Protein chains: 2
Amino acid sequence: MSSSTLLDELIRALQVQPGVGPASASRIAYYLLDRKRKEGLGLAKALTDAMDKISYCPKCRNYTDNEGEECKLCSSAQRATQRTICVVEHPNDIEAIENSSSFKGSYFVLHGHISPLDGIGPEAIGLDLLKGRIEKEHIQEVILALGQTVEGDVTASYIAAMAKKMSVKVTRIATGVPLGGSLNTVDGNTLAMSFNYRHDV
Amino acid sequence: MSSSTLLDELIRALQVQPGVGPASASRIAYYLLDRKRKEGLGLAKALTDAMDKISYCPKCRNYTDNEGEECKLCSSAQRATQRTICVVEHPNDIEAIENSSSFKGSYFVLHGHISPLDGIGPEAIGLDLLKGRIEKEHIQEVILALGQTVEGDVTASYIAAMAKKMSVKVTRIATGVPLGGSLNTVDGNTLAMSFNYRHDV
Ligand SMILES: [Zn+2]
Ligand SMILES: [Zn+2]
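Note that this is a predicted model, so its numbers are computed, not measured.

### Observations concerning the overall build of chain A
- The number of helices and strands found in chain A is eight helices and seven strands.
- Out of the 201 residues in chain A, the part that is buried amounts to 48%.
- Within chain A, counting contacts between residues at least 6 apart in sequence, those at least 24 apart form 55% of the total.
- Accessible surface computed for chain A: about 9800 Å², of which carbon and sulfur atoms make up 51%.
- Here chain A contributes 22 positively and 24 negatively charged side chains, and the mean placements of these two sets differ by 4 Å.

### Things to note about the coordination of the zinc ion (ligand 2)
Residue and element names in this part refer to chain B.
- Looking at the metal site, the zinc ion (ligand 2) is ligated by Cys57 (SG), Cys60 (SG), Cys71 (SG) and Cys74 (SG), spaced 2.3 Å from it.
- Coordination at the zinc ion (ligand 2) is tetrahedral, judged from the four donor atoms that bind it and the angles of 103 to 118° they form at the metal.
- Read in sequence order, the donor residues for the zinc ion (ligand 2) give the motif C-x2-C-x10-C-x2-C. Accessibility assignment for this pair places Cys71 and Cys74 in one class, buried.

### Concerning the pattern of salt bridges
Residue and element names in this part refer to chain A.
- Under the defined criterion, the tally for this structure stands at 10 salt bridges over all chains.
- In this structure, the salt-bridge partner of Glu137 is Arg133, at a minimum N-O distance of 2.8 Å.
- In this structure Glu137 comes out as partly exposed when scored by relative accessible area, which is 23%.

### Observations concerning the interface of chain B and chain A
- Facing the 49 residues of chain B at the interface are 49 residues of chain A.
- Summing both partners gives a buried area of about 4800 Å² for chain B against chain A, and 66% of it is carried by carbon and sulfur.
- Sorting the residues of chain B by area buried against chain A places Leu6, Met51 and Tyr63 of chain B first, and these three jointly supply 15% of that buried surface.
- Linking chain B to chain A there are zero salt bridges.

### Notes on the coordination of the zinc ion (ligand 1)
All names here are of chain A.
- Taken together, the protein donors to the zinc ion (ligand 1) comprise Cys57 (SG), Cys60 (SG), Cys71 (SG) and Cys74 (SG), at separations of 2.3 Å.
- Taken together, the four donor atoms coordinating the zinc ion (ligand 1) and their angles of 104 to 117° define a geometry best described as tetrahedral.
- Counting along the primary sequence, the residues that act as donors to the zinc ion (ligand 1) give the motif C-x2-C-x10-C-x2-C.
- According to the relative accessible area criterion, Cys74 is buried, its value standing at 7%.

### A word on the relation of the copies chain B and chain A
- Between chain B and chain A, the superposition needs a rotation of 180° and an axial shift of 0.0 Å, giving an RMSD of 0.0 Å. Expressed as an axis order, the relation between the two copies is that of a two-fold axis. If distances are taken from each C-alpha of chain B to the rotation axis, the shortest is found for Ala44 of chain B, at 2.1 Å.
- A symmetric contact is evident, with 100% of the interface residues of chain B recurring at the interface of chain A.

### Side note on the domain arrangement of chain A
- Domain annotation of chain A identifies domain 1 (5-53) and domain 2 (63-200).
- For domain 1 of chain A versus domain 2 of chain A, the separation of C-alpha centres amounts to 34 Å.

### Quick look at the packing of helix α6 (residues 127-136) of chain A against helix α7 (residues 150-165) of chain A
Residues and elements named next belong to chain A.
- Packing of α6 against α7 brings their axes to within 11 Å, and their N-to-C directions diverge by 35°. Relative to α7, the crossing made by α6 is right-handed. Residue-level inspection shows Leu127, Leu130, Lys131 and Ile134 of α6 in contact with α7, the latter providing Tyr158, Ile159 and Met162.

### Notes on the pairing of strand β5 (residues 141-145) of chain B
All names here are of chain B.
- For β5, the buried fraction is high: five of the five residues fall into the buried class.
- The alternating pattern of β5 places Glu141, Ile143 and Ala145 on one face and Val142 and Leu144 on the opposite face, and all of these are buried.
- Two strands pair when backbone bridges link them, and strand β3 (residues 84-88) and β5 are joined in this way by five bridges, in the parallel orientation. Residue pairing in the sheet places Val88 in a bridge with Ala145 of β5.

### Section: the environment of Asp65 of chain B
- Its location among the elements puts Asp65 of chain B in the loop between β2 (63-64) and α4 (77-80).
- For the pair formed by Asp65 of chain B and Ser55 of chain B, sequence separation is 10 residues and the distance between their alpha carbons is 6.4 Å.
- If we ignore the near neighbours within four places in the chain, the residues touching Asp65 of chain B are Ser4, Thr5 and Leu6 of chain A together with Lys53 and Ile54 of chain B.
- At 2.9 Å, the side chain of Asp65 of chain B forms a polar contact with the backbone nitrogen of Thr5 of chain A.
- Engagement of the side chain of Asp65 of chain B in a polar contact is seen with the backbone nitrogen of Leu6 of chain A, the distance being 3.1 Å.

### Looking at the nonpolar core
- Ranked by internal contacts, the top residues of the largest apolar core, which has 44 residues, are Leu10 and Leu47 of chain A together with Leu10 and Leu47 of chain B.
- Listing elements by their share of this core, those giving two or more residues are α1 (5-14), α2 (22-35) and α3 (37-53) of chain A together with α1 (5-14), α2 (22-35) and α3 (37-53) of chain B.
- Among all residues touching Leu47 of chain B, those that are not within four sequence positions of it are Leu10, Leu32, Gly40, Leu43, Ala44 and Leu47 of chain A.

### Quick look at α1 of chain A
- Considered for burial, the residues of α1 of chain A that qualify are Leu6, Leu7, Leu10, Ile11, Ala13 and Leu14 of chain A. Looking straight down α1 of chain A, one finds its buried side chains confined to an arc of 165°; they lie on one side.
- Where the residues of α1 of chain A are buried, they touch α2 of chain A together with α3 and β2 of chain B.
- The residue sitting at the N-terminus of α1 of chain A and contributing the capping side-chain oxygen is Ser4 of chain A; that oxygen lies 3.4 Å from the backbone nitrogen of Leu6 of chain A.

### Looking at the state of the cysteines
Residues and elements named next belong to chain A.
- In total, this model carries zero disulfides over all chains according to the counting rule given.
- In this structure Cys86 is a free cysteine whose sulfur lies 11 Å from that of Cys60, the closest cysteine sulfur available.
- A relative accessible area of 0% means that Cys86 is categorised as buried.

Thresholds applied
Residues numbered from 1 in each chain as written. Chains lettered and ligands numbered in written order. Predicted model: local features only at pLDDT ≥ 70, side-chain atom pairs only at ≥ 80, totals over all residues. Heavy atoms only, no water. Helix = DSSP H or I, 4+ residues; strand = E, 2+ residues; numbered from the N terminus. Buried < 20%, exposed > 50% of the residue type's maximum accessible area, 1.4 Å probe, protein only. Contact = heavy atoms within 4.5 Å. Areas by Shrake-Rupley, 256 points an atom, 1.4 Å probe, with all protein chains shown as cover. Lys, Arg positive; Asp, Glu negative; His and termini not counted. Charge placed at Lys NZ, Arg CZ, Asp CG, Glu CD. Donors = N, O, S within 2.8 Å, 3.2 Å for Na, K, Ca; no water. Tetrahedral: all angles 85-135°; square planar, octahedral: opposite > 155°, others 65-115°. Salt bridge = Lys/Arg side-chain N within 4 Å of Asp/Glu carboxyl O. Buried area = accessible area lost by both parts, 1.4 Å probe. Least-squares fit on C-alpha atoms with pLDDT ≥ 70 in both. Domains from an automatic or database assignment. Axes fitted to C-alpha atoms, helices over the stretch in contact; angles between N-to-C directions. Left-handed = near helix turned anticlockwise from the far one by under 90°. Pairing = 2+ DSSP bridges. Polar contact = N/O pair within 3.5 Å; in protein donor to acceptor, adjacent residues only side chain to side chain. Core = buried A, V, L, I, M, F, W, Y, C linked by side-chain atoms within 4.5 Å. Arc of directions from axis to C-beta. Disulfide = S-S within 2.5 Å.

What follows is the structure in C-alpha cells.
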C-alpha cells in the first residue's frame, strides 16, 4: 500500500499485460508519473480507442477499424478468383506471409488455436465462419499456415477433418518453420519455401 | 503496418513503458484485443486517473491523491517533534523504511537523483523546497537514505554541502544496502542496521 490509492490501482491494472509483474508495474507507474504524464495519457487514449473500436473483418477475422466492413485483402476481386484460403493463427502472420509474396489468395484468422484446457473450442476460433466460406466461395484448397506446435497440430487435424468431409483439399505449409517457433521468426525466403513444399494432411 | 491503424497506434503507445519493446508491445496488444478488452479499458481508466490526479504532497513530495493537502505522514504532530528529515529517492523507499520501523521523523522524496547528463539538476529534485523546510522546521539532522550508486553519491554530496552551509548535521545510512542495489531489495533488519550505523558526511 502506497500513499496513493490511485497509484496502487494503476500498479494493479498494469499487471493485466502479459510479462508485466508487480516489480515492472511499479517501475512503469513511477516512470510515467515522474517523467511521462502526457505519454501516459496518450497510452490511455490509444488503449480506449483500440478496445472500443477495433473489430474483426466479417469475412477473414483480421483486425479492422471499420466495423462491419470487409478488409482491404477480402475486398480484392483478384484474390477471390484463387479460391484458396490460407488459415493463420495471428493477424501478424498475414503480414509475414504478405512480405514473403508466397500467397495471393484470401486469408482466415483464428486468433489462437484449439485448446480444450483453456476452454477454447472450434467456435471460439471461428471455424463455423470458415466452414460457411468454404461452401459459399467454392474453395478448392485450404492451406494451413499454423505454427509447428502441439496446439497447431491439434488445430490442423480438426480443420483437416472438417474440410475433408466437405471434399476440399487441405494442405499444411512445410519445411522452414522451426519446431516450437512462430511464423514471424523466420525470413521471407524460408516462408516461401514452406509454401512450395506444402503437403496433404 | 497492420490492417488496423488503431492497432499500430496502440503498439507504438505501449512502448512508452520501460522494458516494453516492439515484440512485447505486439504481444500485449493482441492479448488485450482477443482476450481482455474490459481489463484493457480498466487499465486506460487507471492510467488517466493516475496521470490526471496524482500530485506531490506540498511538504514531502510523496505521491498523494488530494492535491494541495499534506499527506498523512506529514500531518503527524509526533513526527514533526523529531526535527529530523529522512531524504529518499523514491516513494517506495518510504514504504520500505516504514516497514523496518527504523525511523519516526518526517520524509522528503527526491523522485530521482542529480544527473547532469539527463538535465536533472538540484531544482528538479526539489532541493529548494528541502532547504526551506530545514530552515522553517528548525531541522537538526538530515538523514540521507539514498541508494549506494554513483548518482546517489553525487546527490548526497550536494545535499551535504547545502546543509552544512546551514549548520545542520547530515548523516547517510550505512552498512546493509548492497553496492549497486536499491533500498527495497534489502530486508527490514538490514535496513534497521543501516540506520544504526549512519555516519557523518
Ligand atoms: Zn478480411
Ligand atoms: Zn507529505
